[in-house]
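Understanding the architecture of this molecule
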Amino acid sequence: MQLRAVLAFAMALVLGAVFSAPDLDKIQALALQRYGPKGADLVIAWRAMMNEGSNLNEAEKLAHVNNFFNRRMLFESDAVVWQQEDYWATPLEFMGKNAGDCEDFSIAKYITLLHMGVPNAKLRMIYVRARIGGAGSTKSEAHMVLGYYANPADEPMVLDNLITTIRPASSRLDLSPVFSFNNEGLWVSGAATSSADPTARLSRWRDVLERMRQEGF
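Everything numeric in this text was worked out from a predicted model, so none of it was measured.

Points about the sheet that holds strand E7 (residues 175–181)
A sheet is described by the order of its strands in space; here six strands give the open sequence E6-E5-E4-E3-E7-E8, paired in antiparallel fashion. Two strands lie at the open edges of the sheet, namely strand E6 (167–168) and strand E8 (186–188), each paired on one side alone. As paired strands, E7 and E8 are joined by three bridges and run antiparallel to one another. Pairing of phenylalanine 179 across the sheet is with valine 188, part of E8.

Focus on the confidence of the model for the protein
For the protein, the mean per-residue pLDDT works out to 88, and 85% of the residues sit at or above 70. For the stretch residues 1–17, pLDDT sits under 50, and the model shows 10 contacts to residues farther than four places along the chain or on other chains.

A few points about the packing of aromatic side chains
Across all of its chains, the model carries 10 aromatic pairs by this definition. With 6.1 Å between their ring centres and 55° between their planes, tyrosine 110 and tryptophan 205 make a pair best called tilted. On the criterion of sequence distance, the pair formed by tyrosine 110 in helix H6 (residues 102–115) and tryptophan 205 in helix H8 (residues 203–215) is long-range, its members being 95 residues apart. Accessibility classification places tyrosine 110 together with tryptophan 205 in one group, the buried group.

Let's talk about the packing of helix H3 (residues 58–72) against H6
Helix-helix packing is described using two parameters, namely the angle between the two axes and the distance between the axes. Contact geometry of H3 with H6 gives a least axis separation of 10 Å together with a crossing angle of 140°. Relative to H6, the element H3 lies oblique. With respect to the hand of their crossing, H3 and H6 are arranged in right-handed fashion. Only Phe105, Ala108, Lys109, Thr112 and Leu113 of H6 make contact with H3, whose side of the interface consists of Lys61, Leu62, Val65, Asn66, Phe69 and Asn70.

Observations regarding the side chain of asparagine 161
In this structure, asparagine 161 sits in the loop between strand E5 (157–159) and E6. On the accessibility criterion, asparagine 161 (15% relative accessible area) is buried. Those residues in contact with asparagine 161 that sit more than four places away from it in its chain are Asn70, Phe75, Cys102, Phe105, Lys109, His143 and Met144.

Considering H6
The end-to-end C-alpha separation of H6 is 20 Å, in line with the 20 Å expected for 14 residues at 1.5 Å each. The buried fraction of H6 amounts to 13 of the 14 residues, a majority that puts the element mostly inside the structure. Positive backbone phi, at 100°, marks glycine 117, one or two positions downstream of H6.

Focus: the environment of tryptophan 187
Turning to its location among the elements, tryptophan 187 is positioned in strand E8. With a relative accessible area of 11%, tryptophan 187 lands in the buried category. With 63 residues separating them along the chain, tryptophan 187 and arginine 124 place their C-alpha atoms 9.3 Å apart.

So, the pairing of E7
Sheet analysis places strand E3 (residues 123–131) next to E7, joined by six bridges and oriented antiparallel. Bridge pairing in E7 places methionine 125 opposite phenylalanine 181. Hairpin connection between E7 and E8: a loop of four residues separates the two successive antiparallel strands.

Thoughts on the pairing of strand E4 (residues 140–148)
Every other side chain in a regular strand lies on the same face of the sheet, so the side chains alternate between the two faces. Two elements, E3 and E4, share nine bridges in a ladder whose sense is antiparallel. Looking at the pairing, isoleucine 126 lines up with valine 145 of E4. Examined bridge by bridge, E4 and E5 share three bridges and lie antiparallel to one another. By the bridge assignment for E5, glycine 147 is matched with valine 158.

Criteria and thresholds
Residues numbered from 1 in each chain as written. Predicted model: local features only at pLDDT ≥ 70, side-chain atom pairs only at ≥ 80, totals over all residues. Heavy atoms only, no water. Pairing = 2+ DSSP bridges. Helix = DSSP H or I, 4+ residues; strand = E, 2+ residues; numbered from the N terminus. pLDDT = per-residue confidence, 0-100. Contact = heavy atoms within 4.5 Å. Phe/Tyr/Trp six-rings, centres within 6.5 Å; stacked < 30°, edge-to-face > 60°. Buried < 20%, exposed > 50% of the residue type's maximum accessible area, 1.4 Å probe, protein only. Axes fitted to C-alpha atoms, helices over the stretch in contact; angles between N-to-C directions. Parallel < 35°, antiparallel > 145°, perpendicular 65-115°, else oblique. Left-handed = near helix turned anticlockwise from the far one by under 90°. Expected span 1.5 Å × (residues − 1).

Below, the structure is given as structure tokens:
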């Protein structure tokens, strides 16, 4: 078997392990071990939130999860939380620190919704340029949100840590999409089909997947 095929098979095993049923007891125990009672309490609240929302419809699940993270978690830069320029945290690391940046919010919402039964094909993390400074501003910065696609051809609903409400992408004129991805594909803005393996193109995504697997996700 060629090396490329071996690597692809190994990554498929990792992805399958990450997105199978999570070991919630292990995740909670690690939270207590690494972050103390406060970290464990937030994981307990996260587990309760998922259980409470298990019978909701998909639109209600989106709001349920979006509200949980936006109301409980603090926005803070990687330089402050991790003393690094750019670090993608696992949901456990994010909840343990009780703070993170836009990638951490998006990843945590994505993983949580998957574990609550929302199909992977309907969820993508979307890398955007976010205009700041008002309608007339030309200044923008890199930002990440989570998109929910009820159908593949539909415009996504946007879950954003910057605002409390979930809105259709057409109403977010401040956001300019660059590309989107999940654990199955990577889409350049406007493309209908995946153009690349996200784990091959996004090293930070590959790294956070492996850490999630080790933590029990």
